[in-house]
Amino acid sequence: MKRWNGWGSAEIDYPVPPSALTYLNDALGPPEPGPSVPLESIVRRLPPSRLPDHPLVSLDPELRLRHARGQSLPDWIALRFGRLDRFPDGVARPGSDQDVEKILAFAKETGTWLIPYGGGTSVVGHINPPPADHPVLTVSMERMRRMSDLDEASRIATFEAGVTGPHLEAQLRARGYTLGHFPQSFEYSTLGGWIATRSSGQQSLYYGRIEDLFAGGRMITPAGRIEMPPFPASAAGPDLRQAVLGSEGRLGIITRACVRVSLVPQLERFHGIFFPGLEQGAAAVREMVQSRLQLSMLRLSDSLETDVSLALTGNERMVRLLNGLLRVRGLKDRDEKCMLFMGITRARGLARKTRRMALEIAREHGGVHVGRKMGNEWRKGRFKTPYLRNALWDLGYAVDTLETAMTWSDLPTATEAVLKALRQGLEDRGERVLAFSHISHVYATGASIYVTYLFRLAADVEETLARWKKLKASASEALVARGGTISHQHGVGLDHLPWMESEKGKLGLQGLGALAKVFDPGGIMNPGKLFRSEWTR
Ligand SMILES: Cc1cc2nc3c(=O)[nH]c(=O)nc-3n(C[C@H](O)[C@H](O)[C@H](O)COP(=O)(O)OP(=O)(O)OC[C@H]3O[C@@H](n4cnc5c(N)ncnc54)[C@H](O)[C@@H]3O)c2cc1C
């Protein structure tokens, strides 16, 4: 069973190892265990639904609660402290395009606002109900998860949009193919959600971001159907797929998507490399990507993230051996060591050549190759790390992440500014913040930075939320001022709305609003997300 107020399956726990606990205690101070109100106490308080009966709609209170929030830190705070004031009035579960059209007709008749819902893994408030006078209906795509076609000659697979990562990969792998889209939320997030948020998977360097993989499909809007044939390329004016990508449920419901698939690779390897500092590591990574080496992942942690990741292994003996090895291979104890995971996904012969060239570049920048063991461990635990959030909350620590992308020239100053904003963000409240980052997705022209930050929960819900708001605002201001995008992969939702105008401009946002008016003249699709409308949190 999926946790209703945390991450993932209730059967999976990821306890914090004692070495990491000591580390956190030293860095942030001793915590007070975080609150966790029981599900029943919220279900009992749910207001009655404002919706009339409909065969495709459930009004079940627990189901409404389970679809009320996503995975952002404010969502966690609301759920764990039991401070929720808004719920969808019902949850619809269409099984076909015709069902989706019936739901849209029902919404128009009853003045209902709709929130398309994939896996509910949004971390920026995408799926939260607005404070509306209208009834609000969440449209869960969970029943629409079939692969309807696999065109092997063209390497295009067509799926219903509610398919989750594991179901999509299982259907493709049974035929020898893969999509290769592996966001860390892979277990629960859906194809429709990936498209609607412009998601990026961990191996996007090889397979591409979702915008490279999304070849066409169908979106059903209140004004009718939009069909996007999977042309290999087209010069017939602006590409409608670009309007659908990142549309965050504002234009309509994506019901099917044609995606570009690859043969399951012959070989997939993840290597660990340590650099004496971030500057050297970043220079190596930049050179690798600009040399067009066909790697599948380059993930470079700063020295603090490297320390925390090693503490989190809970394997002190392994860390001692590793430090010994690095010393023998020329890294000094005083070096601010940075760990790189390098992925290679290729045919066997090509992989060897790529590996040799990449390691040569790494060596030129002082990198020490430590083999594949750490890379294998990372790969095994790649979807497990988010489970740590549950244990950390129980201990009394809040964890949040933010991400951005900028050119290589802006990257060092922007990263420093964001980390500084976070580390100093709660000084006025006498609280410390642990903030670290990694370069997560790389491009010839720049890279994305993924920042994780931790702070202590307060006993009081308002104070906890105030801490988060302060940190979120100062980090976002810092990254936008230094040339970063407000989001590289998580999207806009509610939490990034205040920074949209500085990124798109007034006229740009008016253009997006005008587009939404054409597809959704009544303004019933996920109002308030992506760009401002009648209400904003
Ligand atoms: C632990 C964790 C790790 C994450 N790691 C990554 C990562 O590595 N990379 C990354 O890109 N993101 C990541 N995310 C963010 C999140 O998983 C992505 O934004 C994901 O694409 C959301 O997919 P979903 O199916 O859960 O969509 P939801 O959260 O259900 O919805 C997100 C938005 O998409 C819209 N939507 C969903 N389905 C449809 C549809 N069929 N038609 C129209 N609109 C639709 C919704 O209305 C909403 O606006 C992570 C989140 C968590 C909690």
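Look up a bit, the structure's there.
Keep in mind that what you see is a predicted model, and the values were worked out from it rather than measured.

A. Expanded view of the side chain of Ser-140. With respect to the helices and strands, the residue Ser-140 is situated in strand E4 (residues 136-140). Within the local environment of Ser-140, its side chain forms a polar contact with the side chain of Glu-142, the two groups lying 2.9 Å apart.

B. Looking closely at the nonpolar core. Counting 73 residues, the largest nonpolar core has Met-288, Leu-340, Met-342, Leu-422, Ile-439, Tyr-453 and Phe-455 as its most contacted members. When residues of this core are assigned to domains, at least three map to each of domain 1 (18-142) and domain 3 (267-382). Once you skip the residues sitting within four places of it in the chain, Tyr-453 turns out to touch Ala-398, Val-399, Asp-400, Thr-401, Leu-402, Leu-422, Val-433, Leu-434, Ala-435, Trp-468, Leu-471 and Lys-472.

C. A look at the site of the ligand. The immediate surroundings of the ligand are formed by 35 residues, with Pro-116, Gly-118, Thr-121, Ser-185 and Thr-190 found nearest. Taking Gly-119, its main chain carries an N or O atom lying 2.9 Å from an oxygen atom of the ligand. Contact between the ligand and Asn-526: an oxygen atom at 3.3 Å from a side-chain N or O atom of the residue. Contact with the protein chains hides 98% of the accessible area of the ligand, taken as 970 Å² for the molecule alone. Among the elements of the structure, strand E3 (113-117), helix H7 (191-197) and strand E10 (253-260) are those that each provide at least two residues to the shell around the ligand. Looking at which element gives the most residues to the shell around the ligand, the answer is H7, with 5 residues. For the shell around the ligand, the residue count by class is 13 nonpolar, 21 polar and 1 charged. Looking at which domains feed residues into the shell around the ligand, each of domain 1 (18-142) and domain 2 (147-263) supplies at least three.

D. Main features of helix H15 (residues 373-381). Here H15 has its buried residues at Met-374, Gly-375 and Trp-378. Around the axis of H15, the buried residues are gathered within 100 degrees of arc, so they sit on the same side. The exposed residues of H15 that point more than 90 degrees off its buried face are Lys-373 and Lys-380. In this structure, the buried side of H15 is in contact with strand E12 (267-275), strand E13 (297-301), helix H12 (303-313), helix H13 (316-328), strand E14 (338-346) and strand E15 (368-371).

E. Inspection of the sheet that holds strand E6 (residues 156-160) at higher detail. Taken in spatial order, the 5 strands make up an open sheet running E5-E6-E10-E8-E9, and their pairing is antiparallel. The strands lining the two open edges of the sheet, one partner per strand, are strand E5 (147-151) and strand E9 (224-228). Neighbouring strand axes in the sheet, compared pairwise and without regard to direction, differ in orientation by 10 degrees on average. Relative to E10, E6 runs antiparallel, the two being bridged by 5 bridges.

Each value, and the rule that gives it
Residues numbered from 1 in each chain as written. Predicted model: local features only at pLDDT ≥ 70, side-chain atom pairs only at ≥ 80, totals over all residues. Heavy atoms only, no water. Helix = DSSP H or I, 4+ residues; strand = E, 2+ residues; numbered from the N terminus. Polar contact = N/O pair within 3.5 Å; in protein donor to acceptor, adjacent residues only side chain to side chain. Core = buried A, V, L, I, M, F, W, Y, C linked by side-chain atoms within 4.5 Å. Buried < 20%, exposed > 50% of the residue type's maximum accessible area, 1.4 Å probe, protein only. Domains from an automatic or database assignment. Contact = heavy atoms within 4.5 Å. Near = heavy atom within 4 Å. Areas by Shrake-Rupley, 256 points an atom, 1.4 Å probe, with all protein chains shown as cover. Nonpolar A, V, L, I, M, F, W, Y, C, P; charged D, E, K, R; others polar. Arc of directions from axis to C-beta. Pairing = 2+ DSSP bridges. Axes fitted to C-alpha atoms, helices over the stretch in contact; angles between N-to-C directions.

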